Amino acid sequence: MLCAIFCQLMPAGIMKMPNLDKFDIAILKCLQEDARATNVEIAEKVNLSPSPCLRRIRNLERSGIIRGYTADIDRKEVGLGLTVFVEFKVVQHSRENSEAQQKALLAIPEIVSCFLISGTADFLAEVVVEDLAAYERLLTETLLTLPNVSDIRSNFAIRSIKTHGPLKLPEGK
């Protein structure tokens, strides 16, 4: 049943493999290493002149392959010392309930990533907060009030081993 809901919620064409060549892949790898690299630096690394390199980067952005550019911020250095992986189980599986749950989860700023999953839970969210007291407030005041939730399970991260790692990209054509 959840698979049927998941398939209904996926935007059309999301499973389609984009037609990326070796230059596109090389550009993506460079940007994963350093998103602040200049077009000239990237062009040199991928053996293109700057104009075609910039055109390819713009095409990757327009197509949605490159969704944006962000700073990788050290959570602890800004006072966010606790990461919690929260599993949510919904009351009744339906498209409407799933959409309502997704909308509610998207509105919570402490949730930095969230997935519709299969298994014992329906959603898995990564929550980042200051400390245990902040998580308790979020849990009691927000998470436990979410629509259609029948169960919440929290798993606390002891230590971060790897976060925001680069994607292993396929070989270009």
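Basis of the calculations
- Residues numbered from 1 in each chain as written.
- Predicted model: local features only at pLDDT ≥ 70, side-chain atom pairs only at ≥ 80, totals over all residues.
- Heavy atoms only, no water.
- Buried < 20%, exposed > 50% of the residue type's maximum accessible area, 1.4 Å probe, protein only.
- Helix = DSSP H or I, 4+ residues; strand = E, 2+ residues; numbered from the N terminus.
- Pairing = 2+ DSSP bridges.
- Core = buried A, V, L, I, M, F, W, Y, C linked by side-chain atoms within 4.5 Å.
- Contact = heavy atoms within 4.5 Å.
- Phe/Tyr/Trp six-rings, centres within 6.5 Å; stacked < 30°, edge-to-face > 60°.
- Patch = residues over 30% accessible without salt bridge, like charges linked within 9 Å, V, L, I, M, F, W, Y side chains within 5 Å.
- Areas by Shrake-Rupley, 256 points an atom, 1.4 Å probe, with all protein chains shown as cover.
- Salt bridge = Lys/Arg side-chain N within 4 Å of Asp/Glu carboxyl O.
- Lys, Arg positive; Asp, Glu negative; His and termini not counted.
- Charge placed at Lys NZ, Arg CZ, Asp CG, Glu CD.
- Axes fitted to C-alpha atoms, helices over the stretch in contact; angles between N-to-C directions.
- Parallel < 35°, antiparallel > 145°, perpendicular 65-115°, else oblique.
- Left-handed = near helix turned anticlockwise from the far one by under 90°.

## Examining the pairing of strand β3 (residues 123-129)
Piece 1. Most of β3 is tucked away: 6 of the 7 residues are buried.
Piece 2. Between strand β2 (residues 111-116) and β3, which follow one another and run antiparallel, lie 6 residues, and Gly119 among them has a positive phi close to 120°.

## Focus: the nonpolar core
Piece 1. Core analysis: the largest hydrophobic core is formed by 19 residues, its most contacted members being Val86, Phe88, Val127, Tyr135 and Leu143.
Piece 2. For this core, the secondary-structure elements that each account for two or more residues are β1 (82-90), α5 (95-106), β3 and α6 (132-141).
Piece 3. Looking at this core element by element, the count peaks at 5 residues for β1.
Piece 4. Ignoring anything within four residues of it in the chain, the contact list for Tyr135 reads Leu82, Val84, Val86, Val127, Val129, Leu143, Ser154 and Phe156.
Piece 5. Counting 16 residues, the second-largest nonpolar core is a separate cluster that includes Leu20, Ile27, Cys53 and Ile57.

## Considering the packing of aromatic side chains
Piece 1. Counting across every chain of the model gives 1 aromatic pair.
Piece 2. Summarising the aromatic geometry, the rings of Tyr135 and Phe156 are spaced 5.6 Å apart at their centres and angled 90° between planes, so their arrangement reads as edge-to-face. Separated by 21 residues along the polypeptide, Tyr135 in helix α6 and Phe156 in strand β4 (residues 149-156) bring together distant segments of the chain.
Piece 3. Residue classification places Phe156 among the partly exposed residues on the basis of a relative accessible area of 39%.

## Points about a negative patch on the surface
Piece 1. Together, Glu33, Asp34, Glu41 and Glu44 line one region of the surface with negative charge.
Piece 2. Tracing the chain through its elements places Glu41 in helix α3 (residues 39-46).
Piece 3. Exposure remark for Glu41: the relative accessible area of 40% places this residue in the partly exposed category.

## Remarks on the packing of helix α2 (residues 22-33) against α3
Piece 1. Two numbers describe how α2 lies on α3: the axes approach to 10 Å, and their chain directions differ by 130°. Between α2 and α3, the crossing angle belongs to the class labelled oblique. You can see that α2 and α3 cross each other, and the crossing is right-handed. Mapping the contact onto sequence places Phe23, Ala26, Ile27, Cys30, Leu31 and Glu33 in α2 and Ile42, Lys45 and Val46 in α3.

## Thoughts on the pattern of salt bridges
Piece 1. Under the criterion given, the structure shown has 6 salt bridges.
Piece 2. Here Arg56 and Asp21 are joined by a salt bridge, their closest N and O atoms 2.9 Å apart. With Arg56 in helix α4 (residues 50-63) and Asp21 in the loop between α1 (2-9) and α2, this residue pair connects regions lying 35 residues apart in the sequence.
Piece 3. Exposure remark for Arg56: the relative accessible area of 21% places this residue in the partly exposed category.
Piece 4. The partner of Arg153 in a salt bridge is Asp151, with the nearest N and O atoms 3.0 Å apart.

## Focus on the environment of Ala121
Piece 1. By the secondary structure assignment, Ala121 is in the loop between β2 and β3.
Piece 2. In this structure the C-alpha to C-alpha distance between Ala121 and Lys89, which are 32 residues apart in sequence, comes to 4.8 Å.
Piece 3. Non-local contacts of Ala121, meaning those with residues more than four positions away in its chain, are made with Glu87 and Phe88.

## Here we look at the sheet that holds β1
Piece 1. What the 4 strands build is an open sheet, ordered β2-β3-β1-β4; its pairing is antiparallel. At either margin of the open sheet sits one strand with a lone partner, and together these are β2 and β4. Direction aside, neighbouring strands of the sheet carry axes that sit 20° apart on average.
Piece 2. Across 7 bridges, the pairing between β1 and β4 is antiparallel. If you follow Val84 over to β4, its bridge partner there is Phe156.
Piece 3. Sheet strands touched by α5: β1, β2, β3 and β4. Its angle to β3, the strand with the most contacts, is close to 15°.

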